[in-house]
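Descriptive analysis of the structure
If you want the building blocks of each chain, they are given just below.
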Amino acid sequence: MTSGPVMLPTRRRRGRDQQWMLTALPAFPLLLLVLRLWYLSRQDLQTMLLLVQNVSPLGLIGSLLITLVWVPPVFILVGRALGGLLLVSSIDAGRSWLARTAGRTPGWVVVSAFAVAAVTWELRFLPTLGMLLLVILALDVRLRYEDHPRLVRVVCVAIPVAAALLGVLLFGPATLDALGMGEPETAFLLIAPVLALPFLTGPVPAPSARLVTHWVAMAGLVIGPILVAVIFVQAPVLPSVAVELKGTPTDSADTVGEQDTTTVVRGQVITVDDRSTTLLESGGKVEFVPNDAVISQVLCPDPIAPPYSAVKVHGWQVERAMLSWLAPSRSVREPTDPRCLGRPAS
Amino acid sequence: MADDDASPRGGDRTGPDASSGEPDREPSSRAGRPADAEPAGGTAGFSGAGPFAESFTGAEPRAGLPPRTNLPPRWASGRRTLAKPDGLSFAARLARLAVVVMLLVGAVVVGAVTVTGIGPPSEDDLRRRAGLLDKRQLLIGVKDDQPGMSQRENGVYQGFDVEIAYLVAADLGFARADVKLLTIESEDRARRQALDVTTKKIVTVDLVVATFSITRAREDDPDVTFSAPYLRTEQSVLTRKTSRKYEALSDLENEKVCTLNTTTSKQNLEAAGVQPVGKNKISECVKGLESGAYAAVSTDAAILAGFVYANPGKFTIHDIGAEGSELYGINVGTNQALKTLVDLALYRSYTDPTDRRWENAYDTYLRREQPVAMPQQVAVATQPEVGKPRVRFWPWEDER
C-alpha cells in the first residue's frame, strides 16, 4: 500500500467527480413532473404544451410532495441499515459506496427520516420501520463501542429481544387475523420484522456481506426511481370535474326513447377564462367548452379506493398512515353524483 | 464529503485535520478522539476501509487499554471476526444471513404485491370495466304481462321484478329516471333482445330481470351469465276454479296444458309425460285457460299467483309438490364485471339489515298474493343467500 501523499490527489479527484451529483439531484423531480404531464397528455405533444402552459408548478409540486413524501425515508433508512450491516460484517466495507454513505449519514438525518416515516407510512409498514431504527442503532453501537461488551449486549441482544416480544404482543393478534382472512402478505409485513429483529443486530458471514447489502442496495437504486416514477405518474395533478352542457347529444346506439338535450363531459379542468372552459376529457381529448353552454359543474371526488386489506391492529386499519389517521377526512360513503358517472343530474 | 475517502494510511492525517474534514461526526466522539496515530501496517490489508474507520470508530477514551487507533477495536487488535462473547460465532452469522435473505426475498414479494395491488377490484374499477361510466341509460328487459312480477299498465311497469331491477340499477349508480325498462319475451332472455315499444326498435338490454330461472343448461350458454339468485319459488299449476286437486305434474297427463316456451316448466312437464302447448307469453296461456282452450297452465308459482290475485274467484292454484326450486337470476350477458356489481347489489341488500328494498318489494307484490294461493307457497319470503362477491370493501361495510 502506498503512502499518504500519493493518495491525496486521488481523493481530490474523486471529490470533484462527484460534484455533478448535486446538480443531478433536482433533475429527478423535474423529470418526474415532465413525465407526469406527458402521461396526462396521453403522449400528445400539443396537449402537453397546452398543459405546460396552464398547469401550475405549485400544484404539480404539491402533488409530488403529497404522493411521494413517504419515499425518502425508505431510501435513507434501508440504505443506512444495509450499510451498517456491511460495515460490521466485512473488513473491507470501505470499498462500497453504500458503506461510505452509510458511515457518513448523520444521526439527525436518520432521526428525521424516522419521524417522517412514522407519520406517513401505513401502519402495516411500521413494524419494518421500528425494526430498521433498532437495527441501525444496534449496528452503530456494535461498531463504535465494540469493546464495551455489556453495552453491546444490552443494545444488540436485550433491547431487540424485548422489542420483539413487545411487537409480538402488539401485532400477534392482527397477524393471526390476517392469516385467517387470507392475507399472507399483511401477516408477513406485521410479524416478519418483529421476529427478524433479534437476528439483524450483528454481522453476517463476511464473504456474503457484500452480496446481501451492497448489491441489494444497487438493485434498489436502479429499480427504486422507476417505481417512484410509476407511482407518481398516476397521481392526479388537475381537478377532476363533470360538466353538464346544453346541446344535442349524438344518437348513440344504446339510448332508447326520447332523448334529452344535455350532455355530460367528464374530465379535468385545464383552465377557465371568460369565454370558455378548457377540459381534458377522460379519453385524452381536449375540449373548449363555451361558458354559455355550461349548465352545471361538479367536482368529482377521487375514486377513493377501498383498502386491499381488512386487517386492523387494535382498531387501526393497517393501510392507514398516522397522518391520515390524525388529519380530518371526508366521509367517503356519500353517493356518487350521477354527473361524475356521465349522466345528467336529474 | 469526498475527503472522507482518504485513508488515514501511514498516519498522514492528524487529529485536527481529520476532525475538520468530518463535520457529520457526532461531537462527543470527536471530542474524545485522540490523535490519528496509526500502527504501521495496521490497515495495510484493506485499502478502502478508511472512511468507515473514520466515521465509526468512536475512539473514545477507553478505560483499560490506551487508544491507539481509529479502527474498530476488533480489527485493530487483529481479532477480526470470531469468538466474541456476544454471539459473533459463525453459526450466529449464518443464522443472521438466513434471516436477512428471507427478509429481502419477503420484501421483494410483498413489495410486488403491494405495488401491483393484487387483490379484488374495487367498485369503481368494476364500474369502469363494466362500461357503466358515461352510460346514459341502463336498459333492463322485464316481462310485461305477469301481474305481481312485472306488468305493464298505462306504460308503467310494476311488480317484484321491476323493483329488483330498480334496486340493482340504483346500486349501479343509475337513478330511476336513467333506467329504461323494456319488454322481453321468454325466448329472448338468453340473447337479451328486447322490444322498445316507443321506437319499435329491437335493442340489446344490459340486464334481464324476467323470471329467468338459473339452470345448468342456461349457465352453459356462453351468452348467459347469471347473477346470484334473487327469488326462490317452485313450479305450480293453475286451473279454472275447481275443487279437484292436482298433486303432481303427472296428473295433467291427458289434459291440454299450456306453458311458456323455453322455460324450465316446459322441460319438467315433458319429463312428467305431459305434452304441453308452448306459448311465448304467459298471458296468452291464461287467456286460453279462461276461455276453456286449455285445462291448465303450468309455470312458476310466483307468476301464477299473480293471476289468481288479479282475477279473484276465477282460478285455483295447485300445490303439485314439485321437487327442487326455481331460483331466479339476472342475466348480465357476457359482462363479468357487471355480474359482480349486480351480485354486490344483491349482497348488500341481503346483508344490510337497514336495506329494506327487497323486503318491501316482496311485501308489496308477493306477500299479498299468499292468502289466495294457499296451500301453494308463492315464493320464499326471504332473499336467497348471496355469497360475498370478490370486491374490495370499505372495512366498515364488513361489520354490518
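Residues numbered from 1 in each chain as written. Chains lettered and ligands numbered in written order. Predicted model: local features only at pLDDT ≥ 70, side-chain atom pairs only at ≥ 80, totals over all residues. Heavy atoms only, no water.

1. Overview of the sheet that holds strand β3 (residues 276-281) of chain A
Residue and element names in this part refer to chain A. Spatially, five strands are ordered β4-β3-β2-β1-β5 in an open sheet, and the strand pairing comes out antiparallel. The open sheet has two edge strands with one neighbour each: β4 (286-290) and β5 (294-299). Here the strands of the sheet are splayed against their neighbours by 45° on average, with no regard to which way each runs. Pairing of strand β1 (residues 240-246) with β5 involves five bridges; the strand directions are antiparallel. Within β5, the residue paired with Ala-242 across the bridge is Val-298. (Pairing = 2+ DSSP bridges. Helix = DSSP H or I, 4+ residues; strand = E, 2+ residues; numbered from the N terminus. Axes fitted to C-alpha atoms, helices over the stretch in contact; angles between N-to-C directions.)

2. Structural notes on the confidence of the model for chain A
A low pLDDT means the predicted coordinates there should not be read in detail. Residues and elements named next belong to chain A. Averaged over every residue, the pLDDT of chain A is 81; the share at 70 or more is 87%. Ranking the elements of chain A by mean pLDDT puts helix α1 (residues 4-17) last, at 46, and helix α8 (residues 107-120) first, at 93. Note that residues 1-13 has pLDDT below 50 and, in this model, 10 contacts with residues that lie over four places away or in other chains. (pLDDT = per-residue confidence, 0-100. Contact = heavy atoms within 4.5 Å.)

3. What about the pairing of strand β3 (residues 150-153) of chain B?
All names here are of chain B. In the sheet, strand β2 (residues 145-146) pairs with β3 via two bridges, with the strands oriented antiparallel. Counted as the bridge partner of Asp-145 is Gln-151 from β3. Counting the residues between successive antiparallel strands, the hairpin from β2 to β3 contains three residues, one of them, Gly-148, with a positive phi of roughly 90°. Here three bridges tie β3 to strand β4 (residues 156-158), and the two strands are oriented antiparallel to one another. Paired with Glu-153 across the bridge in β4 is Val-156.

4. Focus: the pattern of salt bridges
All names here are of chain A. Going through the model one piece at a time under the given rule, you end up with 16 salt bridges over all chains. Measuring nitrogen to oxygen at the nearest pair gives 3.7 Å for the salt bridge that ties Asp-140 to Arg-144. Of the two residues, Asp-140 and Arg-144 both sit in helix α9 (residues 126-144), four residues apart, roughly one turn of that helix. By the burial criterion, Asp-140 is buried, and Arg-144 matches it. (Salt bridge = Lys/Arg side-chain N within 4 Å of Asp/Glu carboxyl O. Buried < 20%, exposed > 50% of the residue type's maximum accessible area, 1.4 Å probe, protein only.)

5. Description of the nonpolar core
Core analysis: the biggest nonpolar cluster contains 63 residues, and B:Ile140, B:Phe160, B:Val168, B:Leu207, B:Leu231 and B:Leu238 have the highest contact counts within it. Within the second largest apolar cluster, 44 residues are counted, among which are A:Trp121, A:Leu139, A:Ala196 and A:Leu200. (Core = buried A, V, L, I, M, F, W, Y, C linked by side-chain atoms within 4.5 Å.)

6. Considerations on unusual backbone geometry
Phi is positive for A:Gln43, close to 70°, though the residue is something other than glycine. In this structure, A:Gln43 sits in the loop between α3 (27-40) and α4 (45-54). Given the relative accessible area of 58%, A:Gln43 is considered exposed. Its identity as a non-glycine residue notwithstanding, B:Thr211 has a phi of 40°, on the positive side. Its location among the elements puts B:Thr211 in strand β8 (residues 207-213). On the basis of relative accessibility, which here comes to 3%, the residue B:Thr211 falls in the buried class.

7. So, the packing of helix α5 (residues 57-68) of chain A against helix α12 (residues 206-233) of chain A
All names here are of chain A. Closest axis-to-axis distance for the α5/α12 pair is 10 Å, and the angle between their directions is 120°. It follows that α5 is oblique to α12 by the angle criterion. Handedness of the crossing formed by α5 with α12: right-handed. Across the interface between the two elements, Leu-60, Ser-63, Leu-64, Thr-67 and Leu-68 from α5 touch Val-228, Ile-231 and Phe-232 from α12. Considering only residue class, the contact of α5 with α12 consists of six nonpolar, two polar and no charged. (Parallel < 35°, antiparallel > 145°, perpendicular 65-115°, else oblique. Left-handed = near helix turned anticlockwise from the far one by under 90°. Nonpolar A, V, L, I, M, F, W, Y, C, P; charged D, E, K, R; others polar.)

8. Digging into the state of the cysteines
What is meant by a disulfide is a covalent connection between two cysteines, made through their sulfur atoms. All chains considered together, the criterion is met by two disulfides over all chains. The partner cysteine of A:Cys300 in its disulfide is A:Cys340, sulfur to sulfur 2.0 Å. Its S-S torsion of about -100° marks the bond between A:Cys300 and A:Cys340 as left-handed, since a negative value means left-handed. Of this pair, A:Cys300 sits in the loop between β5 and β6 (312-313) while A:Cys340 sits in the segment after α13 (322-326), and the two are 40 residues apart along the sequence. Note on accessibility: A:Cys300 and A:Cys340 belong to one class, buried. Note that B:Cys258 is cross-linked by a disulfide to B:Cys285, the S-S spacing being 1.8 Å. Its S-S torsion of about -60° marks the bond between B:Cys258 and B:Cys285 as left-handed, since a negative value means left-handed. Residue B:Cys258 is found in strand β11 (residues 257-260), and its partner B:Cys285 is found in helix α10 (residues 282-291); the two are separated by 27 residues along the sequence. For B:Cys258, a relative accessible area of 0% translates into the label buried. On the basis of relative accessible area, B:Cys285 is assigned to the buried category, the value being 0%. (Disulfide = S-S within 2.5 Å.)

9. Points about the sheet that holds strand β10 (residues 235-240) of chain B
Residues and elements named next belong to chain B. In space, the five strands of this open sheet follow the order β12-β11-β13-β10-β14, with mixed pairing throughout. Two strands in the sheet have a free side with no partner beyond their single neighbour: β12 (277-279) and β14 (315-318). When the angles between neighbouring strand axes are averaged without regard to direction, this sheet yields 30°. For β10 and strand β13 (residues 296-300), the ladder comprises five bridges, and the chain directions are antiparallel.

10. A word on the packing of helix α7 (residues 160-171) of chain B against helix α13 (residues 357-366) of chain B
Residues and elements named next belong to chain B. Running from N to C, α7 and α13 cross one another at 165°; their axes reach a closest spacing of 9 Å. With respect to α13, the element α7 is oriented roughly antiparallel. Crossing of α7 over α13 shows right-handed handedness. Packed against α7, whose contacting residues are Phe-160, Glu-163, Ile-164, Leu-167, Ala-170 and Asp-171, the element α13 presents Arg-357, Trp-358, Ala-361, Tyr-362, Tyr-365 and Leu-366 at the interface. The residue makeup of the contact of α7 with α13, split by class, is nine nonpolar, no polar and three charged.

11. Regarding the packing of aromatic side chains
Residues and elements named next belong to chain B. Within the structure shown, the criterion is met by five aromatic pairs over all chains. Look at Tyr-230 and Tyr-328: their rings are 6.2 Å apart centre to centre, the planes differ by 50°, and that puts the pair in the tilted class. A residue pair is termed long-range when its members are at least 10 positions apart, and Tyr-230 in the loop between α8 (216-220) and β9 (231-233) and Tyr-328 in strand β15 (residues 326-331) qualify at 98 residues. Overall, Tyr-230 belongs to the buried group, its relative accessible area being 0%. Here Trp-358 and Tyr-362 contribute two aromatic rings whose centre-to-centre distance is 5.6 Å and whose plane-to-plane angle is 10°, an arrangement assigned as stacked. Of this pair, Trp-358 and Tyr-362 both sit in helix α13, four residues apart, which is roughly one turn of the helix. For the pair formed by Trp-358 and Tyr-362, the shared burial category is buried. (Phe/Tyr/Trp six-rings, centres within 6.5 Å; stacked < 30°, edge-to-face > 60°.)

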